[in-house]
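Here are the chains, one letter per residue:
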Amino acid sequence: MKVGQLNSDCFRAHPVWCWGDDMEHFLPVGEYEPLPEDLGTLFILANCKLSGGHQFEGYVVGTGSIYALNLFVDERSFMFNANLQGLADEEASQMAGFLSIDVRDVFPIHYETCFGFPGSENLSGEFDFA
């Protein structure tokens, strides 16, 4: 799977992905309960809820900590990255417009996965750029 091609169908078939050796392709992770600690950055299916109550599937990105969140909204994707906070307002505005909601109903976004690393609970947390 090439970069930019991961979509909700991919995550329904394989809930956890990692980078290929060339960092240009994604590979499905076969053993993910518990999450592997030796594959580097993981892309993990997550249930996401906007502050206004809308719920979507998406995925979180990270290794030991989560630094990005992608939401699947119909056929569109909306990405929020803690390392690129300047883009969060624009992405939130586009998503709010697409959903016909107030932009204040976007953040915080709560996420929860169905998987955790060895000895830990399922990954969960919030993204809040407000």
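Our structure is the block above this text.
Throughout, a residue's number is its position along its own chain's written sequence, starting from 1. Whole-chain, interface and lining totals are the exception, using all residues; otherwise, since this is a predicted model, local features are given only for residues with pLDDT of at least 70 and side-chain atom pairs are given and counted only at 80 or more. Here the side-chain values reflect all heavy atoms present in the structure, with hydrogen atoms and water set aside.

## Remarks on the overall build of the chain
Link 1 in the chain: Where helices and strands are cited, they refer to DSSP runs of H or I of at least four residues and of E of at least two residues respectively, numbered from the N terminus. Tallying secondary structure elements over the chain gives two helices and eight strands in all.
Link 2 in the chain: In sequence order, the chain lays out its α and β elements as α-β-β-β-β-β-β-α-β-β.
Link 3 in the chain: Only C-alpha atoms enter the radius of gyration, while the globule expectation follows 2.2 Å times N to the 0.38, with N the number of residues. A globule of 130 residues ought to have a C-alpha radius of gyration of about 14 Å, and the chain, at 14 Å, matches this closely.
Link 4 in the chain: Its C-alpha atoms give the chain principal-axis dimensions of about 40 × 30 × 25 Å.

## Some remarks on the nonpolar core
The nonpolar side chains of soluble globular proteins are, as a tendency, buried together.
Link 1 in the chain: Core analysis: the biggest nonpolar cluster contains 32 residues, and L50, L71, F80, M95, V106 and I109 have the highest contact counts within it.
Link 2 in the chain: Every element with two or more residues in this core is listed here: strand 1 (16-19), strand 3 (42-49), strand 4 (55-62), strand 5 (66-73), strand 6 (76-81), helix 2 (88-99) and strand 7 (109-113).
Link 3 in the chain: The element contributing the most residues to this core is helix 2, with five residues.
Link 4 in the chain: We call two residues in contact whenever any of their non-hydrogen atoms come within 4.5 Å of each other. Once residues within four sequence positions are removed from consideration, L50 is found in contact with F56, L71, M95, L99, I101, D105, V106, P108 and I109.
Link 5 in the chain: Joining through side-chain atoms within 4.5 Å is the link that ties buried Ala, Val, Leu, Ile, Met, Phe, Trp, Tyr and Cys residues into a set, and such a set is a nonpolar core. Here's how the labels work: a residue is buried when its accessible area is under 20% of the maximum for its type, exposed when over 50%, partly exposed in between, all with a 1.4 Å probe on protein chains only. Counting residues in each nonpolar core, the second largest holds 10 residues, with L6, F11, Y59 and F72 among its members.

## Regarding the pattern of salt bridges
Side-chain pairs of opposite charge can arise whenever the charged atoms involved come near each other.
Link 1 in the chain: Should a side-chain nitrogen of Lys or Arg be within 4 Å of a carboxyl oxygen of Asp or Glu, the pair is scored as a salt bridge. For the structure on display, the rule yields three salt bridges.
Link 2 in the chain: Here D9 makes a salt bridge to R12, at a shortest N to O gap of 3.0 Å. Taken together, the positions of D9 and R12, both in helix 1 (residues 8-13) and three residues apart, correspond to about one turn of that helix. Like R12, D9 is exposed.
Link 3 in the chain: Where D102 meets R104, a salt bridge forms, and the shortest distance between an N and an O atom there is 2.8 Å.
Link 4 in the chain: Owing to a relative accessible area of 32%, D102 belongs among the partly exposed residues under this scheme.
Link 5 in the chain: We classify R104 as exposed; its relative accessible area is 65%.
Link 6 in the chain: Ionic contacts of the salt-bridge type, sharing partners, join the residues D9, R12 and E57 into one network.

## Here's the deal with the layout of surface pockets
Sizing a probe to match a water molecule and rolling it over the atoms shows the empty space that remains.
Link 1 in the chain: Quantified by volume, the largest pocket comes out at close to 200 Å³.
Link 2 in the chain: The way it works is a 1 Å grid over only the protein atoms, where trapped points that fit a 1.4 Å probe form a cavity and open points with protein on both sides within 12 Å along at least five of seven lines form a pocket, and then any residue with an atom within 4 Å of a point lines it. What lines the largest pocket is a set of 16 residues, and nearest its centre among them are G4, F26, F43, Y59 and M79.
Link 3 in the chain: Mapped by element, the contributors of at least two residues to the lining of the largest pocket are strand 4, strand 5 and strand 6.
Link 4 in the chain: Examining the composition of the lining of the largest pocket, we find that four residues originate from one element, strand 5, more than from any other.
Link 5 in the chain: When residue character is reported, Ala, Val, Leu, Ile, Met, Phe, Trp, Tyr, Cys and Pro are called nonpolar, Asp, Glu, Lys and Arg charged, and the others, Gly included, polar. Residue classes in the lining of the largest pocket are distributed as 11 nonpolar, five polar and no charged. Grid points are joined across faces, edges and corners, and a volume is the space filled by probe spheres set on the points.

## Things to note about the pairing of strand 7
Link 1 in the chain: Every second residue of strand 7 is oriented toward a common face, the buried set being I109, Y111 and T113 and the non-buried set H110 and E112.
Link 2 in the chain: Strand pairing follows a simple DSSP-based rule, namely that at least 2 bridges must link the two strands. In the sheet, strand 3 pairs with strand 7 via four bridges, with the strands oriented antiparallel. Considered in strand 7, the bridge of C48 is made with Y111.

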